[in-house]
Amino acid sequence: MTHYQKLLKIFTTGKSFYNITAKITAAVAESGVETGLCTLFLRHTSASLVIQENADPDVLVDLANFMAKLVPESGKYIHDAEGADDMPAHIRTALTHTSEHIPINRGHLVLGTWQGIYIWEHRQRSHSRELVVHISG
């Protein structure tokens with residue numbers, strides 16, 4: 001079995017979705033794995049990974065609006081060491097994912113036609129996020 005691992009640094013400019021599908025696709029190609037599994041792990045507690053619609057940006061807007069209502073920044077949180085968005089960002093990450101697993105077939109990610117891979121930044125300010133890409137096959 002082959003193992004390939006790469007650490008990607010993704011720079012975010014604040015609360016939003018960042019499409020990283022092309023970066024993951026490139027890592028799969030670099031690995032040379034034809035059949036296997038791509039595991040993604042985001043090394044943070046205030047941002048998350050989601051596989052979501054990549055054709056209509058309104059889907060991402062609706063998701064962000066829903067999450068803002070579900071976990072408001074105006075809540076009464078004890079943990080606010082880094083500002084009003086600190087604890088809400090942790091809750092939003094707990095409700096989503098910090099890892100994803102995507103099959104690889106014939107050297108390509110087995111994503112649906114309308115699926116993209118995103119880092120969902122939950123903080124207002126910019127961050128440098130680290131994503132571990134582990135490919136086995």
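Now for a look at the structure at hand. (Residues numbered from 1 in each chain as written. Predicted model: local features only at pLDDT ≥ 70, side-chain atom pairs only at ≥ 80, totals over all residues. Heavy atoms only, no water.)

Some remarks on helix α1 (residues 21-31)
Those residues of α1 not exposed but buried are T21, I24, A27, V28 and S31. All buried residues of α1 fall inside an arc of 125 degrees around its axis, so they share one side. Facing away from the buried side of α1, by more than 90 degrees, are the exposed residues A22 and A29. Immediately beyond the C-terminal end of α1, within one or two residues, lies G32, with a positive phi of roughly 80 degrees. (Buried < 20%, exposed > 50% of the residue type's maximum accessible area, 1.4 Å probe, protein only. Helix = DSSP H or I, 4+ residues; strand = E, 2+ residues; numbered from the N terminus. Arc of directions from axis to C-beta.)

What to know about the pairing of strand β3 (residues 35-42)
Of the pairings in the sheet, the one linking β3 to strand β5 (residues 99-105) comprises 7 bridges and is antiparallel in character. Bridge assignment links C38 to a residue of β5, and that residue is I102. Here 6 bridges tie β3 to strand β8 (residues 127-136), and the two strands are oriented antiparallel to one another. Directly across from C38, in β8, lies its bridge partner I135. (Pairing = 2+ DSSP bridges.)

Looking at the packing of aromatic side chains
One pass over the full model with this rule turns up 2 aromatic pairs. A ring pair is formed by F17 and Y118, whose centres lie 6.1 Å apart and whose planes are at 85 degrees; its orientation type is edge-to-face. On the criterion of sequence distance, the pair formed by F17 in strand β2 (residues 16-19) and Y118 in strand β7 (residues 115-121) is long-range, its members being 101 residues apart. Taking relative accessible area as the criterion, F17 reaches 14% and is therefore assigned buried. On the numbers, 4.5 Å between centres and 25 degrees between planes, the contact of F17 with W120 is stacked. One end of the pair, F17, is in strand β2; the other, W120, is in strand β7, with 103 residues separating them in the sequence. Accessibility expressed as a relative area gives 7% for W120, which makes it buried. A connected cluster of aromatic rings, assembled from ring pairs, spans F17, Y118 and W120. (Phe/Tyr/Trp six-rings, centres within 6.5 Å; stacked < 30°, edge-to-face > 60°.)

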